[in-house]
Amino acid sequence: MFRKIVDAFKTKEVRVKILITLALLLVFRIGCWLPIPGIDVSTFQSIAGDNSFLSLLSSINGGSLANGAFLALGVSPYISASIIIQLLTIAIPSWQKLSKEGEEGRKKIGKYTRYAALVLAIAQAIGIVVGFGSTITSGTLWAGSPDWITKLLVISMLVAGAMFTVWLGEKITQQGIGNGLSLLIFVGILSSAGMSLLATIQSVAVGNLEQLWNLLIFILAVILIFALIVF
C-alpha cells in the first residue's frame, strides 16, 4: 500500500490532485473551528452536547455545530436536498426524463439540488438561531446593534458556510481525488471519532479501567466494519 502511495506521488498529475484534495480538506477543517461572531461558544457547546440528535449532527460535520463555527451546517443541507431531488426524479415524469438525458440532464439536476440545498440551509439556519436564541448576542463585535440584526447576520453566515461546503465538495470532485462530499463526511466523522478516542485513551491512562473495555470494543468494531467494507 505504501509503495502505491509513493508511486502515486511520482506522477505529477496525481500528486497535484492529492495536494489539492488535502488543501481543500484543510480549509474545511479550519472552517469547522472558526466561531461565528455573536455566538456564545461555551453555551452553544453545552446545549449541543446535551441533545443526542444535535450531537450526532455535529459529529457528522466534524464538531462544527458544537463549535458554533462558520461551517456548522456542513454537508447536511446538500445531503437532504440530494435525497429529495432523487425521489422527485422518480415521482415527476419530466424530471425522470431529464435524469436520462446524459451529462446535460445531470447538470440541470445538479443545479436543482444546489437550489434545494440553499433553501434547506436557510431553513436549518433559522431553526438553529431560533433554538439557540439565548446563546446569540451582539457581543463586542456588533455592540449596540439590535439582536435581530445579529441573528440575521448569524443566519447569513451559516447559509454561506453551508454553500461554501458544497463548493468545496464539488471542487474536490472536479480537481481532486474521489467524491468530494463523501470525503468531507469521512473527514468530519474521523475527526470527531479521533477526539473521542483520544479522550478515552487519556481516561484509561489516568486509571479509569472501565473505559478500557469501551476502547477495545470500539477498535474491534472499526476493524470489523472496515473488513466487511473491503469484503
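Provided above is the structure to which this section pertains.
Residues numbered from 1 in each chain as written. Predicted model: local features only at pLDDT ≥ 70, side-chain atom pairs only at ≥ 80, totals over all residues. Heavy atoms only, no water.

Caption draft 1: Expanded view of the packing of helix H7 (residues 103-131) against helix H8 (residues 147-175). The interhelical angle for the contact between H7 and H8, taken along N-to-C directions, is 145°, at an axis separation of 9 Å. The crossing of H7 and H8 is right-handed. Judged by residue contacts, Arg114, Ala117, Leu118, Ala121, Ile122, Ala125, Ile126, Ile128 and Val129 of H7 engage Lys151, Val154, Ile155, Leu158, Val159, Ala162, Met163, Val166 and Glu170 from H8. Taken together, the residues that form the contact of H7 with H8 break down as 15 nonpolar, no polar and three charged. (Axes fitted to C-alpha atoms, helices over the stretch in contact; angles between N-to-C directions. Helix = DSSP H or I, 4+ residues; strand = E, 2+ residues; numbered from the N terminus. Left-handed = near helix turned anticlockwise from the far one by under 90°. Contact = heavy atoms within 4.5 Å. Nonpolar A, V, L, I, M, F, W, Y, C, P; charged D, E, K, R; others polar.)

Caption draft 2: Here's a closer look at the pattern of salt bridges. One pass over the structure, following the stated rule, counts one salt bridge. A salt bridge links glutamate 170 to arginine 114; the nearest nitrogen and oxygen atoms lie 2.8 Å apart. In this pair, glutamate 170 is assigned in helix H8 and arginine 114 in helix H7, connecting sequence segments 56 residues apart. For arginine 114, a relative accessible area of 31% corresponds to the partly exposed category. (Salt bridge = Lys/Arg side-chain N within 4 Å of Asp/Glu carboxyl O. Buried < 20%, exposed > 50% of the residue type's maximum accessible area, 1.4 Å probe, protein only.)

Caption draft 3: Layout of the nonpolar core. Leu25, Phe28, Tyr78, Leu168, Ile172, Leu181 and Leu184 are the most contacted members of the largest nonpolar core, which has 19 residues in total. Elements that contribute at least two residues to this core include exactly helix H2 (12-31), helix H5 (76-91), H7, H8 and helix H9 (180-205). Not counting residues within four places of it along the chain, the set of residues in contact with tyrosine 78 comprises Thr113, Arg114, Ala117, Val166, Glu170 and Leu181. Listed in part, the 15 residues of the second largest apolar core include Ala121, Val129, Ile155 and Val159. (Core = buried A, V, L, I, M, F, W, Y, C linked by side-chain atoms within 4.5 Å.)

Caption draft 4: Quick look at H5. Look at H5: 23 Å from first C-alpha to last across 16 residues, which is about the 22 Å you get at 1.5 Å a residue. Among all positions in H5, only Ser76, Pro77, Tyr78, Ala81, Ser82, Ile85 and Thr89 are buried. (Expected span 1.5 Å × (residues − 1).)

Caption draft 5: Main features of the side chain of threonine 165. Note that threonine 165 resides in helix H8. Beyond its immediate stretch of four places on either side in the chain, threonine 165 contacts Phe28, Leu71, Gly74, Val75, Leu181 and Leu184.

Caption draft 6: Fine view of the environment of valine 187. Relative to the helices and strands, valine 187 is located in helix H9. Overall, the relative accessible area of 17% leaves valine 187 in the buried class. For the pair formed by valine 187 and leucine 26, sequence separation is 161 residues and the distance between their alpha carbons is 9.8 Å. The contacts of valine 187, once residues within four sequence positions are left out, are Leu25 and Arg29.

Caption draft 7: How the structure looks around H2. Over its 20 residues, H2 runs 29 Å from end to end, which matches the ideal 28 Å to within 8%, given 1.5 Å per residue. Within H2 the residues assigned to the buried category are Ile18, Thr21, Leu24, Leu25, Phe28, Arg29 and Gly31. Taken end-on, H2 shows its buried residues confined to a sector of 160°, consistent with a single buried face. Every exposed residue of H2 that faces more than 90 degrees away from the buried side is listed here: Lys12 and Leu26. (Arc of directions from axis to C-beta.)

Caption draft 8: Region of interest: the packing of H5 against H7. Between H5 and H7, the shortest axis-to-axis distance is 8 Å and the interhelical angle comes to 130°. Classified by the angle between their axes, H5 and H7 sit oblique to one another. Judged by the sense of rotation from one axis to the other, the crossing of H5 with H7 is right-handed. In contact with Ser76, Pro77, Tyr78, Ser80, Ala81, Ser82, Ile84, Ile85 and Thr89 of H5, H7 contributes Ile109, Tyr112, Thr113, Arg114, Ala116, Ala117, Leu120, Ala121 and Gln124. (Parallel < 35°, antiparallel > 145°, perpendicular 65-115°, else oblique.)

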